[in-house]
Amino acid sequence: MTNPTSPTTESTALLTDKYELTMLQASLRDGTADRQCAFEVFGRRLPNERRYGVVAGTARVLDAISRFRFTEDQLSTLDFLDDATLDYLRNYRFTGDIDGYREGELYFPASPILTVRGTFAECVILETVILSILNADSAIASAAARMVTAAGGRPIIEMGSRRTHEDAAVTAARASYLAGFTATSNLEAAARYGIPASGTAAHSWTLLHTNADGTPDEAGAFRAQVETLGLDTTLLVDTYDITAGVATAIEVAGPELGAVRIDSGDLGVLARQVRQQLDGLGAHNTRIVVSSDLDEFAIAALRAEPVDVYGVGTSVVTGSGAPTAGLVYKLVEVGGVPVAKRSRDKKSHGGAKAAVRACRRSGTAVEEIAFPLGTDAPDTGTLDAVSLTIPMVRGGELSDDLPTLEDSRDHLARALISLPWEGLALSRDEPVLHVRFAGV
């Protein structure tokens, strides 16, 4: 399996946990390694009692599996394995099938998000790399989608790179864009995934323009920025006094200034004051950008205020308090026979599964139905059955028509509209849809 759009050819094989390789070794010894199995990714519950989740990271998972190749240097570090296991890993290639929910699809507790089929040996060692990607990306996309809904159509810029790991910053930008954010401050994300980049200046730029006697030269900072970046730039007006900063910004740039940004204080009150001041100065088209620890609740509280653009950092790259989606990867079928855990609070439903979503003719979703993979979908009566499970990998090869990031972004925007209106509420309640199992 190869992925021509991969951002790197670096091996992902050690993005795994030791117990996966020790299980592999034991299965090779006792003859169970070649048993045909199905593993399923699902969540037992939604984090923070949210009402829906967003599938994100699927394309990155497929890319990671395509690069799951052990190098000799990597194998030399695995001194706890015997020679037969090392030989197996030396020649490892995933040759099975993968089906699941496309990126940008909504999911609920027990939704069969991803099904991986193949031998036990080739499937079991993919657990960690699959979950590490899906858990992080889905948590961020789920949080970002709530913020997009709260913003009510106003643009949101992702600017959280400085609040997370340098690699996580790139993938967080991707997940946020998938969910409907309009741009990112991260240039690696822009280059790798084609996300629009956004950014102008920080407070340090204004502070840099301090006179020799210690007096601030805010006008000098604004003037240099406008001369360099043009009138459509955004001037940060709260380094000193916001009212004076807005007046200076319009004095320097004129009423055609693109935007001003507020990054501190009571954003609702300040946005009203700044809008009134801008209008009084004839800058009716100058936009107001707000930032400063925004999350979906803060954004919702600002919907009635004259805010044009939101900048979100910490809360989105941390999944707004839910840094993992809580997804698990469990064995659900062995040799065509369903298997399931019976552990208290960790029960699973056996068998490889596909799913449909039953919707009214208006498009509103009513319920989700899981059924045995490879069988006909159950009858939904007068409701329309929307298929959720798509083929992604066959015989180790990627499907030809997998959705692009832009496709998935558009799909999520449509999927959110399909939720009953109460499903978009920010209140913490039970999932808006439940998964029913038919023939499983």
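Residues numbered from 1 in each chain as written. Predicted model: local features only at pLDDT ≥ 70, side-chain atom pairs only at ≥ 80, totals over all residues. Heavy atoms only, no water.

1. Comments concerning the overall build of the protein
The criterion, for reference: Numbering goes from the N terminus for both helices and strands, where a helix is a DSSP run of H or I of at least four residues and a strand is a run of E of at least two. Only protein chains enter the accessibility calculation, which uses a 1.4 Å probe; a residue whose area is less than 20% of its type maximum is buried, one above 50% is exposed, and one in between is partly exposed. Using a 1.4 Å probe, accessible areas were evaluated by the Shrake-Rupley method; residue-level cover was limited to the displayed protein chains. None of His or the chain ends enter the tally, which takes Lys and Arg as positive and Asp and Glu as negative. Where a charge lies is defined by one atom per residue type, namely NZ (Lys), CZ (Arg), CG (Asp) and CD (Glu).
Summing up its helical and strand segments, the protein has 15 helices and 19 strands in all. For the protein, the spread of C-alpha atoms along the principal axes amounts to about 80 × 60 × 40 Å. Every one of the 440 residues in the protein was classed for burial, and the buried ones make up 52%. Surface accessibility of the protein: about 19,400 Å² in total, with carbon and sulfur atoms responsible for 51%. The averaged location of the 58 negative side-chain charges in the protein is 7 Å from the averaged location of its 41 positive side-chain charges.

2. A word on the pairing of strand β1 (residues 36-43)
Threshold: A pair of strands is considered paired only if DSSP assigns at least 2 bridges between the two.
Extensive coverage of β1 is indicated by the burial of 7 of its 8 residues. Sheet topology places β1 next to strand β12 (residues 327-334); 7 bridges connect them, and they run antiparallel. Bridge pairing in β12 places E40 opposite K330.

3. As for the layout of surface pockets
In this approach, a probe sized like a water molecule rolls over the atoms, and the result shows the empty space that is left. Convention followed: Here a cavity denotes grid points, spaced 1 Å and computed from the protein atoms alone, that fit a 1.4 Å probe unable to get out, and a pocket denotes an open set having protein on both sides within 12 Å along at least 5 of 7 lines; residues with an atom within 4 Å of a point are the lining. Grid points are joined across faces, edges and corners, and a volume is the space filled by probe spheres set on the points. In this count, Pro and Cys sit with the nonpolar residues alongside Ala, Val, Leu, Ile, Met, Phe, Trp and Tyr, while Asp, Glu, Lys and Arg are called charged and the others, Gly among them, polar.
In this structure, the second largest pocket occupies an estimated 790 Å³ of space. In terms of lining residues, the second largest pocket is bounded by 32 residues, among which M159, R162, G199, R261 and S291 are the most central. Sorting the residues of the lining of the second largest pocket by element identifies β8 (234-236), β9 (259-262), β10 (287-290) and β11 (309-312) as the ones contributing at least two each. The leading source of residues in the lining of the second largest pocket is β11, at 3 residues. For the lining of the second largest pocket, the per-class residue count stands at 11 nonpolar, 14 polar and 7 charged.

4. Overview of the sheet that holds β1
Within a sheet, adjacent strands bond to each other through the backbone by hydrogen bonds, running parallel or antiparallel. Just so we agree on the cut-off: When checking whether two residues touch, look at their non-hydrogen atoms; a contact exists if any pair is within 4.5 Å. In this analysis an axis means a line fitted to C-alpha atoms, helices contributing only their contacting stretch, and an angle means the value between N-to-C directions, from 0 to 180 degrees.
Here 7 strands make up an open sheet; going across it, the order is β13-β12-β1-β5-β3-β17-β18 and the pairing antiparallel. Strand pairing shows two members of the sheet lacking a second neighbour, β13 (337-338) and β18 (397-398), which therefore form its edges. Sheet topology note: the β1/strand β5 (residues 114-119) ladder contains 6 bridges and is antiparallel. Note on β5: the bridge partner recorded for Q36 is T119. This element, helix α6 (residues 127-151), spans β1, β5 and β12 of the sheet and lies at about 135° to β12.

5. Structural notes on the UniProt feature "domain: Nicotinate/nicotinamide phosphoribosyltransferase" (unreviewed entry) in the protein
Our working definition: UniProt positions are given in the numbering used here, feature names are shortened, and annotations may be inferred rather than shown by experiment.
Under the UniProt annotation, "domain: Nicotinate/nicotinamide phosphoribosyltransferase" (unreviewed entry) lies at residues 157-343. Between the C-alpha atoms that bound residues 157-343 there is a distance of 43 Å. The span itself is 40% helix and 16% strand.

6. Focus: the sheet that holds strand β16 (residues 384-387)
What the 4 strands build is an open sheet, ordered β16-β14-β15-β19; its pairing is mixed. Both edges of this open sheet fall to β16 and β19 (435-437), since each of them pairs with a single strand only. Geometrically, the sheet is characterised by an average inter-axis angle of 35° between neighbouring strands, direction not taken into account. In the sheet, strand β14 (residues 353-359) pairs with strand β15 (residues 365-372) via 7 bridges, with the strands oriented antiparallel. Across the sheet, the residue bridging to R357 is E368, located in β15.

7. Details of the nonpolar core
Let me state the cut-off plainly: Nonpolar core, defined: a set of buried Ala, Val, Leu, Ile, Met, Phe, Trp, Tyr and Cys residues in which side-chain atoms within 4.5 Å join the residues together.
Counting residues in each nonpolar core, the largest one holds 66 residues, and the members touching the most others are L106, V290, I299 and Y310. Among the elements that line this core, the one with the most residues is α6, at 8 residues. When near neighbours in sequence (up to four residues on either side) are disregarded, Y310 contacts A151, R154, P155, I156, I157, V290, L294, I299, L302 and R303. C37, A64, L86 and C123 belong to the second-largest nonpolar core, a separate cluster that totals 49 residues.

8. Some points on the packing of aromatic side chains
Inclusion rule: Aromatic pairing here means that ring centres of Phe, Tyr or Trp (its six-membered ring) are within 6.5 Å. Orientation follows from the plane angle: under 30 degrees is stacked, over 60 is edge-to-face, and everything else is tilted. Counting as a charge over the ring demands two things of the Lys NZ or Arg CZ atom: a distance within 6 Å of the ring centre and an angle within 35 degrees of the ring normal.
Summed over all chains, the structure comprises 5 aromatic pairs. Here F68 and F70 contribute two aromatic rings whose centre-to-centre distance is 5.6 Å and whose plane-to-plane angle is 85°, an arrangement assigned as edge-to-face. Here F68 and F70 have matching classes, each one buried. Ring pairing ties together the aromatic residues F68, F70, Y88 and Y92, which thus form one cluster. Lying across the ring of Y193, R174 places its NZ or CZ 5.4 Å from the centre. Cation over ring: R409 sits above Y177, and NZ or CZ is 4.1 Å from the ring centre.

9. Section: empty space enclosed by the protein
Scanning the entire structure with this criterion turns up 1 cavity of 30 Å³ or more. Along the lines of polarity and charge, the residues of the lining of the largest cavity split into 3 nonpolar, 2 polar and 2 charged.

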